[in-house]
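Examining the three-dimensional arrangement
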Amino acid sequence: MKRNLLTLASVMLIGGATLAQEVPYEEYDLDNGLHVILHQDNTAPVITAGVMYHVGSKDEDPGRTGFAHFFEHLLFEGTENIERGQWFDIVSSHGGSNNANTTQDRTYYYETFPSNNLELALWMESERMLHPVINQIGVDTQNEVVKEEKRQRIDNAPYGKVIYGTGINPHLFGKHPYGKSVIGSMEDLDAAQLDEFIAFNHKFYNPNNAVLVVAGDIKIDETKKMISDYFGTITNNAPKPTRTVIEETPITNTIKETEYDSNIQIPLKILAYRTPGMKSRDAYVLDYISTLLTGGKSSRMYKKMVDEQKIAMQVLAFPRTMEDYGTYILGALPLGDVSLDTLTTAMDEEITKLQTELITDREYQKLRNQFENQFVNSNSSIQGIANSLARNYMLYDDTSLINKEIEIYRSITPEDIKRVANEYLKKNQRLELDYLAEPAQ
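In this convention, every chain numbers its residues from 1, walking through the sequence in written order. Totals for whole chains, interfaces and linings use every residue, but because this is a predicted model, local features are given only for residues with pLDDT of at least 70 and side-chain atom pairs only at 80 or more, for both listing and counting. Excluded from the side-chain calculation are hydrogens and water; included are all heavy atoms of the structure.

A closer look at the overall build of the protein
Here a helix means four or more residues in a row that DSSP labels H or I, a strand means two or more in a row labelled E, and each is numbered from the N terminus. Scanning the protein from N- to C-terminus turns up 16 helices and 13 strands. We take the radius of gyration over the C-alpha atoms and set the globule estimate at 2.2 Å times the residue count to the 0.38 power. A globule of 441 residues ought to have a C-alpha radius of gyration of about 22 Å, and the protein, at 23 Å, matches this closely. Here the C-alpha coordinates of the protein stretch approximately 65 × 60 × 40 Å along the principal axes. Partly exposed describes any residue whose relative accessible area lies between the buried limit of under 20% and the exposed limit of over 50%, with all areas from a 1.4 Å probe on protein chains only and scaled to the type maximum. Put simply, the protein has 441 residues, and 55% of those count as buried.

Following this line, the structure appears as structure tokens:
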């Protein structure tokens, strides 16, 4: 399942029924607009402190792609009180770990420490927000780091343009910036001037555009006092960003494209659809459809195309949910000399079956059991809880989803599956992509 579900404080399985204690949390706003979420769990001496900023690749200016992802790296360079190159040394020397990640919609930084280092974690994140050092040497250094990351993950990785969407999204989004690569264009980053990076930081990395989450072995009153001390006096360099969702022109005729990859020998057939954003209930239904089609060796596409017909060596189906829109990807790798058209026909037969027949009671119960099981196992760590709390607040406008998202899945019916398949998985509303080995030069 591609979507995170509920976080569990404790789980008991009694007579086949799942009883989950709700995850307690408290949330409030500081005067500068920073939203704060606290989750206390004193069962282990561990804390995670994270800051999620509402800025991703969709917020970049034309001709300056890659800025949001670049800042994921740049804001580890140092601050006025943390020397350049010392961030990771400070974290590791205090028994901690840290990381960051960027999507089309948000950027998230976090540290996990033994709980006696909570104040250190808060100080470091407040330093990152208050006065990061953004200078030419840092920009030049991280430029090379990002270039190497692009080479490793996309340019030189088998099927990299599928995994990261750079060979799919540009064909599905003609107006919306979701058509751009998150990692961006190296030419754009090379051309950017230092003052542009400083301006990007001033615009987006402010308290009014962020949520701070602290989870784990904390004392609420003491934590609030530290948060007030370290974050309460940070001022905003710009107003809270406002966004207008860019409406895409509906796809009414099949888009047929070919992409080449010099790192592969086996081609891949992709059927890709533009779908609703993550807040839509239908996005959850598409999760069910993915599991039904390729969720294990007994799934429909695997059983038919891999086991029975032996036309595919691998099949895939998954949604990529984003704030404004989503994408839904179906794909198959041919076995032997099977043609990509043969794979398309087989996948279309499974789509048609979804559109014309209700799934069986047995399949429906299996789906519910699978999602219940994933619910039990999801967000079992303090890091996962922190991430879910921040994400639910920022991208769903509903922090309480951490305790009720499973109910959305439970409410999905076989009729919903049939309806969603008919509404979004139409032949004339999709990209048909032949992903081929690049011919020898």
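Description of the pattern of salt bridges
The salt bridge criterion pairs a side-chain nitrogen of Lys or Arg with a carboxyl oxygen of Asp or Glu, the two atoms within 4 Å. The tally for this structure, following the rule as stated, stands at 33 salt bridges. Ionic pairing is found between Arg419 and Glu423, a salt bridge with its closest N-O pair at 3.6 Å. Of the two residues, Arg419 and Glu423 both sit in helix α16 (residues 414-424), four residues apart, roughly one turn of that helix. One salt-bridge network, held together by shared partners, links Arg281, Asp282, Asp416, Arg419 and Glu423.

Some details on the sheet that holds strand β12 (residues 325-334)
Read from one edge to the other, the open sheet built from five strands follows the order β9-β13-β10-β12-β11, with strand pairing classed as mixed. In this open sheet, the two strands that pair with only one neighbour each are β9 (255-261) and β11 (312-321). Recorded for the sheet is a direction-independent mean angle of 20° between the axes of neighbouring strands. Pairing of β11 with β12 involves nine bridges; the strand directions are antiparallel. Within β12, the position partnered with Arg320 by the bridge is Thr327. The strands touched by helix α10 (residues 281-294) within the sheet are β10 (268-276), β11 and β12, with β11 carrying the most contacts at an inclination of about 170°. Here, strands pair whenever DSSP counts at least two bridges between them. A fitted line through C-alpha atoms serves as each axis, taken over the contacting stretch for helices, and the angle formed by two N-to-C directions is quoted from 0 to 180°. Two residues qualify as a contact provided that any one of their heavy atoms is within 4.5 Å of a heavy atom in the partner residue.

Notes on a nonpolar patch on the surface
By definition, no residue in a patch forms a salt bridge, and every one has over 30% relative accessible area; like charges are joined within 9 Å, nonpolar side chains (Val, Leu, Ile, Met, Phe, Trp, Tyr) within 5 Å. Surface exposure here means Shrake-Rupley accessible area, sampled with a 1.4 Å probe, where a residue is shielded only by the protein chains that are shown. Where nonpolar side chains cluster on the molecular surface, the patch consists of Ile266, Met313 and Leu335 and spans about 240 Å² of accessible area. In this structure, Leu335 sits in the loop between β12 and α12 (340-356).

With respect to the nonpolar core
Ranked by internal contacts, the top residues of the largest apolar core, which has 57 residues, are Ile289, Met305, Tyr328, Leu330 and Ile417. Not counting residues up to four positions away in its chain, the partners in contact with Met305 are Lys310, Ile311, Ala312, Val315, Ala332, Leu343, Ala346 and Met347. Here the nonpolar core consists of buried residues drawn from Ala, Val, Leu, Ile, Met, Phe, Trp, Tyr and Cys, with membership extended through side-chain atoms lying within 4.5 Å. Counting 50 residues, the second largest nonpolar core, distinct from the first, contains Ala68, Val91, Ala192 and Phe197.

A short note on the confidence of the model for the protein
Here pLDDT means the predictor's own confidence in every residue, given as a number from 0 to 100. Averaged over every residue, the pLDDT of the protein is 93; residues scoring 70 or more account for 94%. Predicted confidence for residues 1-19 stays below pLDDT 50, and this span has 68 contacts to residues more than four positions away or in other chains.

Examining the sheet that holds strand β5 (residues 46-53)
What the six strands build is an open sheet, ordered β3-β4-β8-β5-β7-β6; its pairing is mixed. The two strands at the open ends of the sheet, each matched to only one other strand, are β3 (26-29) and β6 (97-102). Looking at each pair of strands side by side, their axes are set apart by 15° on average, direction ignored. Across the face of the sheet, helix α14 (residues 382-396) comes into contact with β3, β4 (35-40), β5, β6, β7 (107-114) and β8 (210-216) while running at roughly 150° to β8.

Observations regarding the side chain of Asn32
Structurally, Asn32 can be placed in the loop between β3 and β4. Here a polar contact is recorded for every N or O atom pair within 3.5 Å, except that within protein the pair must consist of a potential hydrogen donor and a potential acceptor, and residues adjacent in sequence are included only if both atoms are side-chain atoms. In terms of polar contacts, Asn32 uses its side chain to reach the backbone amide nitrogen of Leu34, at 3.1 Å. In terms of polar contacts, Asn32 uses its side chain to reach the backbone carbonyl oxygen of Phe231, at 2.9 Å. Apart from the residues lying within four places of it in its own chain, the contact partners of Asn32 are Pro207, Asn208, Phe231, Gly232, Ile234 and Asn236.

Some thoughts on the packing of aromatic side chains
Two aromatic rings from Phe, Tyr or Trp, using only the six-membered ring of Trp, form a pair when their centres are within 6.5 Å; if the ring planes differ by under 30 degrees the pair is stacked, by over 60 it is edge-to-face, and anything between is tilted. In the structure shown here, the tally under the stated rule is 21 aromatic pairs. Ring geometry for Tyr53 and Tyr205: centres 4.9 Å apart, planes at 55°, overall tilted. With Tyr53 in strand β5 and Tyr205 in the loop between α8 (194-204) and β8, this pair connects stretches of sequence that are 152 residues apart. Both residues of the pair, Tyr53 and Tyr205, belong to the buried class. Ring centres of Phe71 and Tyr205 lie 5.1 Å apart, and the angle between their planes is 15°; on these two criteria the pair is classed as stacked. On the criterion of sequence distance, the pair formed by Phe71 in helix α1 (residues 67-74) and Tyr205 in the loop between α8 and β8 is long-range, its members being 134 residues apart. In this structure an aromatic cluster arises from ring pairing among Tyr53, Phe67, Phe70, Phe71, Phe76, Trp87, Phe88, Tyr109, Phe197, Phe200, Phe204 and Tyr205. Here the guanidinium or amino end of Arg128 rests over the ring plane of Phe76, the centre of that ring lying 4.4 Å away. Either the NZ atom of lysine or the CZ atom of arginine qualifies as a charge over a ring when it sits within 6 Å of the ring centre and within 35 degrees of the ring normal. Seen from the ring of Tyr28, Lys224 lies directly overhead, with NZ or CZ sitting 5.3 Å from the centre.

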